[in-house]
Amino acid sequence: MNTTRTLTSTSAVGSVPSPCEVPDFPPLRVRGARFRPRLRRAPGALLVLTAAALALTAALPAPPGRYDPGARPVSAPAARAPAPVRLVSAPVRIADAEAVRLLRAGDRVDVIAAPTTGSPLGGGGSPVRVVARAARVADVPRPYEARPDGGALIVLAVPRATATALAGAGVTSQLAVTVC
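Residues numbered from 1 in each chain as written. Predicted model: local features only at pLDDT ≥ 70, side-chain atom pairs only at ≥ 80, totals over all residues. Heavy atoms only, no water.

Q: Got a sec to walk through the overall build of the protein chain? Specific residues and values, please.
A: Each helix and strand in the protein chain was counted, giving four helices and five strands. Sequence-ordered secondary structure for the protein chain, helices as α and strands as β, is α-α-β-α-β-β-β-α-β. Sorting the 180 residues of the protein chain into buried and exposed places 17% on the buried side. A sequence separation of at least 24 residues applies to 72% of the contacts in the protein chain between residues at least 6 apart. For the protein chain, the exposed surface amounts to about 14,700 Å²; the carbon and sulfur share of it is 61%. (Helix = DSSP H or I, 4+ residues; strand = E, 2+ residues; numbered from the N terminus. Buried < 20%, exposed > 50% of the residue type's maximum accessible area, 1.4 Å probe, protein only. Contact = heavy atoms within 4.5 Å. Areas by Shrake-Rupley, 256 points an atom, 1.4 Å probe, with all protein chains shown as cover.)

Listed below in structure tokens is the structure:
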């Protein structure tokens with residue numbers, strides 16, 4: 001509390017210092033002051049020049065004997081990308097439902113056809129054949145959807161010609177899968 005009284009009493013009694021004058025002195029001359037605005041532009045100008053040089057270098061062909069990963073030999077014809085193969089969904093009945101339970105959507109499988117004895121192909125000892133190679137599994141049944149005959153239906157994403165072969169093989173043969 002004493003401190004507050006002292007400050008109050010001092011401020012009331014104190015005086016304002018007398019004005020002082022700034023002495024005269026000659027103006028300062030800084031060397032290189034007139035070049036300062038140009039120096040501020042220098043980094044921007046260097047960036048513009050670098051970008052222009054890089055653009056020009058990219059547009060010019062590489063000199064002979066220098067490796068250029070994007071260049072093709074002049075005599076090589078332009079390679080065409082193969083046409084994309086359109087995939088269709090093909091439902092396939094697999095004879096062994098327990099094997100189907102091992103599959104998940106996205107797996108790759110080979111589909112194998114073994115002719116049944118009652119089919120027109122089964123009596124002559126027809127060989128077992130691979131109907132589809134590396135077919136992508138699009139959908140598998142839920143565990144409670146198994147049929148009483150032991151088979152299970154899966155959906156494969158395959159080209160149209162392979163889907164036709166799978167449909168034909170499903171009529172005359174028992175189908176099995178192997179995981180790739």
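The discussion continues.
Q: Please set out the nonpolar core residue by residue, giving values where relevant.
A: Counting 23 residues, the largest nonpolar core has Ile 154, Leu 156 and Leu 166 as the members making the most contacts within it. When residues of this core are traced back to their parent elements, those giving at least two are strand S1 (87–94), helix H3 (97–100), strand S2 (108–115), strand S3 (129–139), strand S4 (152–159), helix H4 (160–172) and strand S5 (173–179). Ignoring any residue separated from it by four or fewer positions in sequence, one finds Leu 156 in contact with Val 88, Ser 89, Ala 90, Val 92, Val 109, Val 111, Ala 135, Arg 136, Val 137, Ala 138 and Leu 166. (Core = buried A, V, L, I, M, F, W, Y, C linked by side-chain atoms within 4.5 Å.)

Q: Mind laying out the side chain of Thr 172, listing which residues take part and the relevant values?
A: Along the polypeptide, Thr 172 turns up in helix H4. With relative accessibility at 18%, the residue Thr 172 sits in the buried group. At 3.5 Å, the side chain of Thr 172 forms a polar contact with the side chain of Ser 173. (Polar contact = N/O pair within 3.5 Å; in protein donor to acceptor, adjacent residues only side chain to side chain.)

Q: Pulling in residues and values, what's your account of the pairing of S1?
A: As a general feature of sheets, a regular strand has side chains that alternate between the two faces. Going residue by residue along S1, you find Val 88, Ala 90, Val 92 and Ile 94 tucked away on one face and Leu 87, Ser 89, Pro 91 and Arg 93 left uncovered on the opposite face. With eight bridges connecting them, S1 and S4 associate as antiparallel partners. Its bridge partner being in S4, Arg 93 is matched across the sheet by Leu 153. (Pairing = 2+ DSSP bridges.)

Q: Tell me about the environment of Leu 153, and name the residues and values.
A: Mapped onto the elements of the fold, Leu 153 is located in strand S4. For Leu 153, a relative accessible area of 38% gives the class partly exposed. Put simply, Leu 153 and Val 140 are 13 residues apart on the chain and 7.1 Å apart in space, counted from C-alpha to C-alpha. The contact partners of Leu 153, leaving out residues within four places of it in the chain, are Pro 91, Val 92, Arg 93 and Pro 141.

Q: Please give an account of unusual backbone geometry that cites residues and values.
A: Unusually for a residue other than glycine, Ala 134 sits at a positive phi of about 50°. Within the secondary structure layout, Ala 134 lies in strand S3. With relative accessibility at 39%, the residue Ala 134 sits in the partly exposed group.

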